[in-house]
Structures are given as C-alpha cells and as structure tokens.
Amino acid sequence: MSITDQYISLEKKYCAHNYDPFPIVLDHGEGVYLWDVKGNKYLDMMSAYSAVSHGHKHPRLLSVLQKQASKLAIISRGYHNDCLPRFIQRACELTKMDMALPMNTGVEAVETALKAARKWGYEVKGIPENVAEIIVCENNFHGRTIAVVSFSSEEQYRKGFGPFPKGFVQIPFGDNAALKAAINKNTAAFLVEPIQGEGGIVVPAEGYLAKCAEICKQHNVLMLCDEIQTGLGRTGKMLASWHEGVTPDGIMLGKALGGGLLPVSMFLAKKDVMNVYTPGDHGSTFGGNPLAAAVGFEALNVIVEERLIERAAELGEYLLTKLRQLTSPIVKSVRGKGLLTGIEIDTQYVSGREFCNALIARGVLSKETHETVIRLAPPLIITKEQIEFALVVIRETLKDFELRYQRSA
Ligand SMILES: *Cc1c(COP(=O)(O)O)cnc(C)c1O
C-alpha cells in the first residue's frame, strides 16, 4: 500500500466518516502553498474556507504563537489575562462595534449571537418570555450545532438530528419584502450572511443588505451579520456589510480571526445588545485564552499592515474579470466579491467533485460546494502571478472536460 493509502485507510478505520476528503494527504504548508506526503506541491485556492486568509504559517503569526505559547497559553476566563483586552479593543475598533465576546469556533459565535438576541428581545425590547423569534434566510450556513442546523434549509444537515428548538423563521435570501412580512412584535433579530458562502457564493442584489438594515431599524429588530467567512477583508472590505454602508447591531467573526493557526471566533455588538450578558450567563473554557488572543490580535494587525483588504479588492476584481472571460460551455456563471469567488458549472459535463479532482491533479486545491459551485478563495496574500497559474489550470481543465464530453457524445 502506498504511504498515501496507508494514511487514508487508517483515518477511515478510526475517524468518523463525517467528511469525504479528496484522496491526498497534506503534511506541510507555507504561504499560499501546500505539500502532500509524496512531495507534490499545490496552490491553495481554498484556504480552509477563509480560515487561512493570511496564508499558511505566516511568519509574524507563527512567531507570536511560539512566544505566547512559551509564556502563557490557557487560564480560563476565571482570571484576567494580559492579551485579551487589546485583542478585543482592536477587533471592536476595526469593525466599529462597542463590545465583543470571545469564543473559539464560528458556530459558537453564532450561538452567542442567538442567545444575546433572545435575551435582548426579552429584556430590552420587551418580548414576552419564551416567544422570541429570529428570522434567518433559506440556503444559509451558520454551523452545525443542533440549534443552528434546526434553521438550515439543507435536508441532510437536519435529518436524524431532531427534535429542534423553536423560534426560528426562514425567509428567502435576497428578498426584502419577505423580511418585512416575516417581522412581528416578537421578532428579536434577523440573522444573515452578507454573501452566502457555503450556500454557493450567492451575492444578493445591490441594495439588499442596506434595505434589510433599514427594515430592521424601523421595526426595532436586531440586524446580525454572520461575517465568519465574509469578514476580515475577504470580500475587499473589512466587513462585507460595509459594501452597502451597513453597520449591523451585531456581527460574528471566526475563521481568519485565528490567523490560520488557531480556532478563534467572537460575537461583537453594540453596547445595549452585549450588556444583556451578565456573569454566568454564557461562556467557554477556551474562549479568550491568552494564546488565542495574542494570535488573534496579530492576525488583525497583519490584515491592516499588509493591506490584505486592499489586495482582496484588487486581486479579486482581477480574478473575477478573468473568470468572467471564460468561454467554456461548462461555466454557467461566475459569482463573487473580492477573493470570495465561485464558478458554477454545468454538471451534465462534469460533477463538481470530479472537476476539483482534476484541478488537484494539476496542482490547484479547491472544493465544490452544493455539488455545482467550484469555490476559489485563496489566501489574501496571493499574488497576481499565482492567480494566473490558477487561471491557466482552470482553462486547461475546462478544455479537457469539454473534449471528453465531445468524445463521449
Ligand atoms: C464556517 C462558517 C460557520 C461555522 O464556523 P465553524 O468554525 O465551522 O463552526 C458559520 N457561519 C459561516 C458563514 C461560515 O462560513
């Protein structure tokens, strides 16, 4: 058995089968590149769903991680630490929020937002106990806990995991009238991704988010933006909601917040929302630990100092322009903003999975979402030349499948 097959069969035997990974075994990375155990080099156009916006083992982040790990790593929030304050302050300043609550994974930040919204609904808005509603969008992705999958429209995410908590209302994404119609006196919040990432890089029509913000304000409903994937520069602004001049009442950050080294997330909000939390209401053993806070703080600084947001805007525009020039019949549409882009393919030619396998064989890592969308979301440190390489590979791969289709027809 090859070394690759050995790793894969061992993992298959002992690891739960909740993923179906591509058959390569990666063992190191640097910048925009990853290598497998056989020494093959890949351009990472996936960056762990935006968690690796800074690139793999960014030198500044690695140095902070090593220094802080050798000093103090985990103490719990039962004591103050000297890393959390400046991390939280920086995150609030950069996102124009008043306060933040640190967690670890994205879905925990979402749960934190949902709990805050409900409590705000009861204590501030005056909704009668236990009837608060939160409006969400169809085709959403906010994580995998029972509460969060309860309002997913993806059958597989829910099936077998009920019973589910109540109080969530689904409306179509991109539909302002539906939001207006769904709001009633018990509505506490509207939770939305400015661009649906896992849903297939779905960019709503211009003006959608701004109108949502206006509707929420009119009805005293909190606007909560899940910026876990779209935030921190990915779409060419610090927050994707800023493309429409929206300042939400609360946002969720995760993924890139950990600098590609650690799971770090947070819920950030305006004071009157965050202040519903009192000691003992909510927490996390690891949330806000010194190691995560030190790395998170440096991750934010790197985004600003290395102009990653500006890079995402410029290079994203370039990538999108080039992708839109693809003439292949396989390409149904090209979508995205900044360096969060996707190609929707016509699966009568090739499945998303097969297409990604072909990209991998040519040295480009991507992953399909919803079977038909090829996600292209590289680290924000990527260069124009590296994007060019990806484009060459994509064009070759498209051509290859066109020819195969012609031959089989
Ligand atoms: C990835 C993601 C999450 C969940 O983050 P985890 O760290 O996997 O829990 C939530 N919301 C959005 C928009 C995401 O992209």
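Residues numbered from 1 in each chain as written. Predicted model: local features only at pLDDT ≥ 70, side-chain atom pairs only at ≥ 80, totals over all residues. Heavy atoms only, no water.

**A short note on the site of the ligand**
Convention followed: If even one non-hydrogen atom of a residue comes within 4 Å of a molecule or strand, that residue is called near it. As used in this structure description, the phrase polar contact means that two N or O atoms lie within 3.5 Å; if the pair is within protein, one of them must be able to donate a hydrogen and the other to accept it, and residues adjacent in sequence are counted only when both atoms belong to side chains. For accessible areas, the Shrake-Rupley method is used with a probe of radius 1.4 Å. Any residue's cover is judged against the shown protein chains and nothing else. The classification used treats Ala, Val, Leu, Ile, Met, Phe, Trp, Tyr, Cys and Pro as nonpolar, Asp, Glu, Lys and Arg as charged, and all other residues, Gly among them, as polar.
Near the ligand, the surroundings consist of T105, G106, V107, F141, H142, G143, E193, D226, I228, Q229 and K255. The separation between an oxygen atom of the ligand and a polar side-chain atom of Q229 is 2.7 Å. Protein contact buries 81% of the 380 Å² of open area that the ligand shows by itself. Counted by class, the shell around the ligand contains 3 nonpolar, 5 polar and 3 charged residues.

**Quick look at the domain arrangement of the protein**
Note the cut-off: Domain extents, as shown, originate in an automatic or database domain assignment. In what follows, a contact means two residues having at least one pair of non-hydrogen atoms within 4.5 Å. Using a 1.4 Å probe, buried area is obtained as the accessible area two parts lose upon being combined, added over both of them.
Parsing the protein into structural domains produces domain 1 (3–57 + 308–408) and domain 2 (72–305). Relative placement of domain 1 and domain 2: their C-alpha centres are 27 Å apart. Listed as interface residues are 28 residues of domain 1 and, on the opposing side, 27 residues of domain 2. Carbon and sulfur atoms supply 60% of the area that domain 1 and domain 2 bury against each other, a total of about 2,300 Å² over both sides.

**Looking at the sheet that holds strand β12 (residues 340–345)**
Rules: Note: two strands are recorded as paired if DSSP finds a minimum of 2 bridges between them. Runs of E in the DSSP output that reach at least two residues are strands. Runs of H or I that reach at least four are helices, and both are numbered from the N terminus. What counts as an axis is a line fitted to C-alpha atoms, over the stretch in contact for a helix, and the angles between N-to-C directions run from 0 to 180 degrees.
Taken in spatial order, the 4 strands of this open sheet run β11-β12-β15-β14, and their pairing is antiparallel. The sheet is open, and its two borders are formed by β11 (331–337) and β14 (367–369), each paired with just one other strand. Recorded for the sheet is a direction-independent mean angle of 30° between the axes of neighbouring strands. Both β14 and strand β15 (residues 373–376) contribute to a ladder of 3 bridges, which runs antiparallel.

**Concerning the environment of M223**
Take M223: it is sitting in strand β8 (residues 222–226). A sequence separation of 34 residues divides M223 from A189, and the C-alpha atoms of the two residues are 5.9 Å apart. Not counting residues within four places of it along the chain, the set of residues in contact with M223 comprises F190, V192, L209, C212, A213, C216, V246, P248, D249 and G250.

**Observations concerning the state of the cysteines**
The line we're drawing: Cysteine sulfur atoms that come within 2.5 Å of each other are treated as a disulfide pair. Accessible area is worked out with a 1.4 Å probe on protein chains only. A residue is then buried under 20% of its type maximum, exposed over 50%, and partly exposed in between.
Applying the stated criterion to the full structure yields 0 disulfides. The structure places no disulfide on C216, whose sulfur is separated from the nearest cysteine sulfur, that of C212, by 6.5 Å. Taking relative accessible area as the criterion, C216 reaches 1% and is therefore assigned buried.

**A short note on the pattern of salt bridges**
Worth spelling out the cut-off: Any Lys or Arg side-chain nitrogen found within 4 Å of a carboxyl oxygen on Asp or Glu counts as a salt bridge.
Taken as a whole and assessed by the stated rule, the structure comprises 16 salt bridges. Between E402 and K399 there is a salt bridge, with its nearest N and O atoms 3.6 Å apart. Linking E402 with K399, this pair stays in helix α14 (residues 384–408), spanning 3 residues, or about one helical turn. Notably, a salt bridge pairs R404 with D400, separated by 3.2 Å at the nearest N-O pair. Residue R404 and its partner D400 are located together in helix α14, separated by 4 residues, close to a single helical turn. Classification of R404 as partly exposed rests on a relative accessible area of 39%. The exposure class assigned to D400 is partly exposed, which follows from its relative accessible area of 22%. Residues joined in a network through salt bridges with shared partners are R60, E298 and E305.

**What to know about the packing of aromatic side chains**
The geometry of an aromatic ring pair comes down to the distance between the two centres and the angle between the two planes. Cut-off, in case you're wondering: Two aromatic rings from Phe, Tyr or Trp, using only the six-membered ring of Trp, form a pair when their centres are within 6.5 Å; if the ring planes differ by under 30 degrees the pair is stacked, by over 60 it is edge-to-face, and anything between is tilted. In this scheme, the term charge over a ring applies when either NZ of a lysine or CZ of an arginine sits within 6 Å of the ring centre and within 35 degrees of the ring normal.
Applying the stated criterion to the full structure yields 6 aromatic pairs. With a centroid separation of 4.6 Å and an interplanar angle of 45°, the aromatic rings of F151 and F168 are classed as tilted. Of this pair, F151 sits in the loop between α6 (146–150) and α7 (155–158) while F168 sits in strand β6 (residues 168–171), and the two are 17 residues apart along the sequence. The same class applies to F151 as to F168, namely buried. Judged by centre distance (5.5 Å) and plane angle (75°), the ring pair of F173 and Y208 falls under edge-to-face. Pair noted here: F173 is in the loop between β6 and α8 (176–182) and Y208 is in helix α9 (residues 208–218), with a separation of 35 residues, a long-range link. Taking relative accessible area as the criterion, F173 reaches 16% and is therefore assigned buried. Sitting over the ring of Y157, R144 keeps its end group 4.1 Å from the ring centre.

**Examining the packing of helix α12 (residues 308–324) against α14**
For clarity, the cut-off: The cut-offs work like this: below 35 degrees is roughly parallel, past 145 is roughly antiparallel, 65 to 115 is roughly perpendicular, and the gaps in between are oblique. Throughout, a crossing is termed right-handed when the near helix is turned clockwise from the far one, and left-handed when it is turned anticlockwise from it by less than a right angle.
Relative orientation of the contacting elements α12 and α14 amounts to 20°, with a least axis distance of 11 Å. In terms of orientation, α12 lies roughly parallel with respect to α14. The handedness of the crossing between α12 and α14 comes out as right-handed. Side by side, α12 and α14 meet where L315, Y318, L319, K322 and L323 of the first sit next to K384, I387, E388, L391, I394 and R395 of the second. Split by residue class, the contact of α12 with α14 holds 7 nonpolar, no polar and 4 charged.

**Topic: unusual backbone geometry**
Residue P163 follows G162 across a cis peptide bond; omega there is 0°. Looking at the element boundaries, P163 is found in the loop between α7 and β6. A positive phi is found at S47, a non-glycine position, where the angle reads about 40°. Along the chain, S47 falls in helix α2 (residues 47–50). For N220, which is not a glycine, the phi torsion comes out positive at approximately 55°. Along the polypeptide, N220 turns up in the loop between α9 and β8. Under the relative-accessibility criterion, N220 is labelled partly exposed at 40%.

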